[in-house]
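Observations on the model geometry
Next come the chains, spelled out residue by residue.
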Amino acid sequence: MPGARRSVPRGADPAPRPVRLRRLRRTAALRDWVAETEVELRRLVYPLFVRPGGGRAEPVPSMPGVRRYPVSDLGPLARQLEEEGVRAVLLFGVARRKDPEGSDAWAPDGLVPEAVRALRRAAPGLVVTTDVCLCAYTTHGHCGVVRHGGVVNDASCERLGRVAVAHANAGADVVAPSAMMDGQVAEVRAALDAAGHEETALLAYSAKHASSLYGPFRDAEQSAPAFGDRRGYQMDFRNAREAMRAMERDAAEGADLLMVKPAITSLDLLARARERFALPLAAYQVSGEYAMLKAAAAGGVVEERAAVAETLGAIRRAGADLIVTYYARDVARWSREGR
Ligand code: PBG
Ligand code: ZN
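Okay, so let's go over this structure. Small disclaimer: the values here were computed from a predicted structure and weren't measured.

For the zinc ion (ligand 2), the full set of protein donor atoms is C133 (SG), C135 (SG) and C143 (SG), and the range of their distances to it is 2.2 to 2.3 Å. Geometry at the zinc ion (ligand 2) is tetrahedral, judged from the 4 donor atoms that bind it and their angles of 101 to 118° at the metal. Sequence spacing among the residues donating to the zinc ion (ligand 2) works out to C-x1-C-x7-C. Of this pair, C133 sits in the loop between β5 (127–132) and β6 (145–147) while C143 is found in the loop between β5 and β6, placing the two residues 10 residues apart along the sequence. The class of C133 is buried, set by a relative accessible area of 5%.

Here's what the structure looks like:
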């Protein structure tokens, strides 16, 4: 009998021949050589909290390593980020004053516009994205306009349009509406265009779940809702088809990029969206994901660097082009040290 089975005695079943996947796992060089995905530094977006007043950056107690910066720190910080290889930031403002409407959010001389200008001046090559929402600026802490105890949709969208224009006027490259109002993408796009900002890009927080993992962020932003919660407008984490509808809708309304959030609880959504959309996809590794990793590392139960590489790697593998992460600077540092 010709062929490779000659040694098998006639009549006996051939011994099972395993598919030897381990051949390419044998050395680090081989593993690296065939790795399918990589978390490139250029894909990371570093969230930045800006606070009113001068003085020094203050730590956010629930997020070790994260600080709220005064505008005066941003120029030097931007240059430092560029030097470190961090290419993009996502800006969040802490309100100077809160009112029921959240009007400080669209003040032309507001904190975020000032921050955008400072970053632009210091580091013209940095991609500056801004979060567009009202929750940090409203006394009630909700993401929109409250009437009769409820968050009203269309009036909120109109306010979000104003916020986005204020950010674009200051020179933001990308604005990211995160309030989860229906039609916010269309409204923000229309407001930008009407103000002559056809070139400002729009990153849609499309599949943003109501989540227990935003707690540390609300501490940083002082943006926790004063009554109720956000489940009336943020998405139910049990729903994936609905998430696809939200992304379809936002793409149709003119989003340039789509985002899912939190990241580690949305890997299935990323994978499905990757198949379905040609738009760049972003994932937000949120404050709670960061805090969990930090706590586990501090408790000595996981090795931080490895756990960060693994979680970011899985987010990337699932289909994210961009990852918003509080670990961006650490990743930059670790990759420098690794060289
Ligand atoms: C504002 C906003 C939130 C986050 C991003 N933009 C908070 C929220 O929706 O309650 C969460 C980010 C994080 O937890 O790191 N709407
Ligand atoms: Zn909000």
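So, on to the side chain of R189. Among the secondary structure elements, R189 is positioned in helix α5 (residues 184–194). The class of R189 is buried, set by a relative accessible area of 12%. In this structure the side chain of R189 is engaged in a polar contact, spanning 3.0 Å, whose partner is the backbone oxygen of H197. If we ignore the near neighbours within four places in the chain, the residues touching R189 are H197, E198, T200, A201, L202, E253, G254 and D256.

Looking at helix α8 (residues 267–276), one finds that the buried residues are L269, L270 and A273. Buried positions in α8, seen along its axis, are confined to an arc of 100° and lie on one side of it. The secondary structure elements touched by the buried residues of α8 are β9 (201–208), α7 (241–252), β10 (257–261), β11 (281–285) and α10 (304–318).

Formed by 108 residues in total, the largest nonpolar core has its most connected members in L48, L74, L91, L119 and Y284. Contacts of L119, omitting those with residues within four sequence positions, involve L48, L74, A78, V89, L91, P124, L126 and V128.

Near ligand 1 lie 19 residues; those nearest to it are K208, R218, K261, S287 and Y326. A distance of 3.2 Å is found between a nitrogen atom of ligand 1 and a side-chain nitrogen or oxygen belonging to S178. Measuring from an oxygen atom of ligand 1, one finds a side-chain N or O atom of Y326 at 2.6 Å. When isolated, ligand 1 has an accessible area of 400 Å², and the protein chains bury 100% of it. When atom positions are compared with the pocket grids, ligand 1 is found to occupy the largest cavity. At the level of secondary structure, the elements contributing two or more residues to the shell around ligand 1 comprise β9 and α6 (215–221). Partitioning the shell around ligand 1 into residue classes produces 11 nonpolar, 3 polar and 5 charged.

All right, on to unusual backbone geometry then. Negative phi characterises most residues that are not glycine, and trans characterises most peptide bonds. Residue K261 is joined to P262 through a cis peptide bond whose omega torsion reads -15°. We note that M180 has phi near 60°; this positive angle belongs to a residue other than glycine. Among the secondary structure elements, M180 is positioned in the loop between β8 (174–177) and α5. The phi dihedral of Q222 falls on the positive side, at around 50°, and the residue is not glycine. As for its position among the elements, Q222 is in the loop between α6 and α7. Classification of Q222 as partly exposed rests on a relative accessible area of 44%.

Cut-offs and rules
- Residues numbered from 1 in each chain as written.
- Chains lettered and ligands numbered in written order.
- Predicted model: local features only at pLDDT ≥ 70, side-chain atom pairs only at ≥ 80, totals over all residues.
- Heavy atoms only, no water.
- Donors = N, O, S within 2.8 Å, 3.2 Å for Na, K, Ca; no water.
- Tetrahedral: all angles 85-135°; square planar, octahedral: opposite > 155°, others 65-115°.
- Helix = DSSP H or I, 4+ residues; strand = E, 2+ residues; numbered from the N terminus.
- Buried < 20%, exposed > 50% of the residue type's maximum accessible area, 1.4 Å probe, protein only.
- Polar contact = N/O pair within 3.5 Å; in protein donor to acceptor, adjacent residues only side chain to side chain.
- Contact = heavy atoms within 4.5 Å.
- Arc of directions from axis to C-beta.
- Core = buried A, V, L, I, M, F, W, Y, C linked by side-chain atoms within 4.5 Å.
- Near = heavy atom within 4 Å.
- Areas by Shrake-Rupley, 256 points an atom, 1.4 Å probe, with all protein chains shown as cover.
- 1 Å grid on protein atoms, 1.4 Å probe; cavity = no way out; pocket = protein on both sides within 12 Å on 5 of 7 lines; lining within 4 Å.
- Sits in = over half its atoms within 2 Å of the grid points.
- Nonpolar A, V, L, I, M, F, W, Y, C, P; charged D, E, K, R; others polar.

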